[in-house]
Amino acid sequence: MHGIPFIVKDNIDVKGMPTTGGSPLLKNLIAKSDAWIIQQLKKSWCNCDCES
């Protein structure tokens with residue numbers, strides 16, 4: 001693993017991961033791109049492996 005691992009809430013878009021906001025109705029909503037803050041974290045050598 002490279003970088004600093006971090007976890008984000010599942011109401012923030014992370015490309016390829018579900019963005020449900022805790023709602024079962026949105027379980028099939030897969031983010032097509034990263035949110036701005038996720039892009040900045042990835043540029044800073046952070047590694048997002050999961051959402052909570």
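Look above for the structure.
Just so we're clear, the structure is a prediction, and the values are computed from it rather than from any experiment. (Residues numbered from 1 in each chain as written. Predicted model: local features only at pLDDT ≥ 70, side-chain atom pairs only at ≥ 80, totals over all residues. Heavy atoms only, no water.)

Peer 1: Can you walk me through the overall build of the protein chain in this structure?
Peer 2: Helix and strand counts for the protein chain come out as 1 helix and 2 strands. Along its sequence from the N terminus, the protein chain presents helices and strands in the succession β-α-β. The buried share among the 52 residues of the protein chain stands at 25%. Taking contacts inside the protein chain between residues at least 6 apart in sequence as the whole, the part at least 24 apart equals 54%. Carbon and sulfur atoms make up 61% of the accessible area of the protein chain, which totals about 3,900 Å². (Helix = DSSP H or I, 4+ residues; strand = E, 2+ residues; numbered from the N terminus. Buried < 20%, exposed > 50% of the residue type's maximum accessible area, 1.4 Å probe, protein only. Contact = heavy atoms within 4.5 Å. Areas by Shrake-Rupley, 256 points an atom, 1.4 Å probe, with all protein chains shown as cover.)

Peer 1: Would you take a moment to explain the side chain of Thr19 for this structure?
Peer 2: You can see Thr19 is positioned in the loop between strand S1 (4-8) and helix H1 (36-43). The exposure class of Thr19 is buried, given its relative accessible area of 8%. Within the structure, the side chain of Thr19 is placed 2.9 Å from the side chain of Asp13, a separation counted as a polar contact. (Polar contact = N/O pair within 3.5 Å; in protein donor to acceptor, adjacent residues only side chain to side chain.)

Peer 1: I'm lost on a nonpolar patch on the surface in this one. Help?
Peer 2: Together, Leu25, Leu26 and Leu29 give the surface a local cluster of nonpolar side chains, amounting to about 330 Å² of exposed area. Position of Leu29 among the secondary structure elements: in the loop between S1 and H1. Judged by relative accessible area, which is 44%, Leu29 ranks as partly exposed. (Patch = residues over 30% accessible without salt bridge, like charges linked within 9 Å, V, L, I, M, F, W, Y side chains within 5 Å. Salt bridge = Lys/Arg side-chain N within 4 Å of Asp/Glu carboxyl O.)

Peer 1: Explain the side chain of Asp34 here, please?
Peer 2: For Asp34, the position within the fold is in the loop between S1 and H1. Here Lys15 takes part through its backbone nitrogen, which lies 2.6 Å from a polar atom of the side chain of Asp34. Apart from the residues within four sequence positions on either side, Asp34 is in contact with Asp13, Val14, Lys15, Gln39 and Lys42.

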